[in-house]
Amino acid sequence: MIDDRSARGTARFRASACALALAAALPLASHAQEACKPLALKNPALKLDEAYRMAEERAKAWKPDAAPARITNTILGPLKPDGSSEAWNIMFHSPSANASVAVNTFRGQLTCWAQAGSAGRMPDLKPGFVLDGAKLYAIAKQHGEKAIADGYFVMIGTAAAPSNRHATWNLNFSKADGKSSPPTILVDANTGAVEKVLK
């Protein structure tokens, strides 16, 4: 079961958390080290599955035991109906190195920055977990059509339940100024089934 308070907290702080995650991965952080060569993207808007494949390839080249710790888009790249975003933040963690690498896409560039330390609670993502961004957008629209009509953007991010690391996609609605709108939609990240709609 998912803790409602945890999900609501995720909704409340999603925009700021995404901004902080992006900032933490920037080269301005002196403790971060470049983990792959920057890549100019032919299309700045990558679909979720494409962005993940590119990130996973680079993370595994960095450390073979790297596993996905967090996948989000940021307010600088709202999720589009086709499942694409211009700003992905995909983090992998290597237990053997006790370090994480953040693979980011922003302004047509893909970059990778690694730093030591824990990645926090990691979602229990199974092989073949849901990476269909268009499906996630469709679910968001089905349950949050009013929020979208009111100008809120679709934000998605993986989450892990405190008790058992059960993995969900949490779908939220935010504006660039940090304002958020209900509902928060919890989708089983491994099956794609809607679990809860928190209004």
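This text goes with the structure placed above it.
Treat the numbers as computed from the prediction; the structure is a model and nothing was measured.

Structural notes on the overall build of the chain
Then, number 1: Of regular secondary structure, the chain possesses three helices and eleven strands.
Then, number 2: Evaluated residue by residue, the chain yields a buried proportion of 50% over its 199 residues.
Then, number 3: Taking contacts inside the chain between residues at least 6 apart in sequence as the whole, the part at least 24 apart equals 60%.
Then, number 4: Summed over all atoms, the accessible surface of the chain reaches about 9700 Å², with 54% contributed by carbon and sulfur.

Some thoughts on the nonpolar core
Then, number 1: In terms of nonpolar packing, the biggest core is built from 41 residues, with Ile 156, Trp 169 and Leu 171 touching the most fellow members.
Then, number 2: Of all the secondary structure elements, the ones that give two or more residues to this core are helix H2 (48-62), strand E5 (88-94), strand E6 (99-106), strand E7 (109-116), helix H3 (133-149), strand E8 (153-160), strand E9 (167-174) and strand E10 (180-188).
Then, number 3: Apart from the residues lying within four places of it in its own chain, the contact partners of Trp 169 are Leu 48, Ile 71, Val 130, Leu 131, Leu 136, Ile 156, Gly 157, Thr 158, Ile 185, Leu 186, Val 187 and Ala 189.

Some details on H3
Then, number 1: Over its 17 residues, H3 runs only 19 Å from end to end, short of the ideal 24 Å by more than 12%, given 1.5 Å per residue.
Then, number 2: Where H3 bends most, at His 143, the angle is about 85°.
Then, number 3: What H3 keeps buried is the set Gly 133, Leu 136, Tyr 137, Ile 139, Ala 140, Gly 144 and Ala 147.
Then, number 4: Backbone geometry just downstream of H3 places Gly 151 in the positive-phi region, at approximately 95°.

What to know about the state of the cysteines
What makes a disulfide is a covalent bond joining the sulfur atoms belonging to two cysteines.
Then, number 1: Applying the stated criterion across every chain yields a total of one disulfide.
Then, number 2: Between the sulfur of Cys 36 and that of Cys 112 lies a disulfide, 2.0 Å long from S to S. As the torsion about the S-S bond is roughly 80°, the Cys 36-Cys 112 disulfide counts as right-handed. Note that Cys 36 is positioned in strand E1 (residues 33-40) and Cys 112 in strand E7, a separation of 76 residues in sequence.

Comments concerning H2
Then, number 1: In this model H2 runs 21 Å from its N-terminal to its C-terminal C-alpha over 15 residues, within 8% of the 21 Å that 1.5 Å per residue would give.
Then, number 2: Among the residues making up H2, those that are buried are Leu 48, Ala 51, Tyr 52, Met 54, Ala 55, Arg 58, Ala 59 and Trp 62. Mapping the buried residues of H2 onto a view down its axis gives an arc of 165°, with all of them on the same face. Residues Glu 57 and Ala 61 are exposed on H2 and point more than 90 degrees away from its buried face.

Quick word on unusual backbone geometry
Then, number 1: A cis geometry characterises the amide bond from Pro 182 onward to Pro 183, with omega recorded as 5°.
Then, number 2: Mapping Pro 183 onto the fold places it in strand E10.
Then, number 3: Positive phi, close to 50°, is recorded for Asn 98, a residue that is not glycine.
Then, number 4: Note that Asn 98 resides in the loop between E5 and E6.
Then, number 5: Take Asn 98: its relative accessible area is 41%, and that puts it in the partly exposed class.
Then, number 6: Positive phi, normally seen in glycine, also occurs at Arg 165, with a value near 65°.
Then, number 7: Here Arg 165 is to be found in the loop between E8 and E9.
Then, number 8: On the basis of relative accessibility, which here comes to 37%, the residue Arg 165 falls in the partly exposed class.

So, how was this worked out
Residues numbered from 1 in each chain as written. Predicted model: local features only at pLDDT ≥ 70, side-chain atom pairs only at ≥ 80, totals over all residues. Heavy atoms only, no water. Helix = DSSP H or I, 4+ residues; strand = E, 2+ residues; numbered from the N terminus. Buried < 20%, exposed > 50% of the residue type's maximum accessible area, 1.4 Å probe, protein only. Contact = heavy atoms within 4.5 Å. Areas by Shrake-Rupley, 256 points an atom, 1.4 Å probe, with all protein chains shown as cover. Core = buried A, V, L, I, M, F, W, Y, C linked by side-chain atoms within 4.5 Å. Expected span 1.5 Å × (residues − 1). Bend = angle between axes of the 7 residues up to and from the residue. Disulfide = S-S within 2.5 Å. Arc of directions from axis to C-beta.

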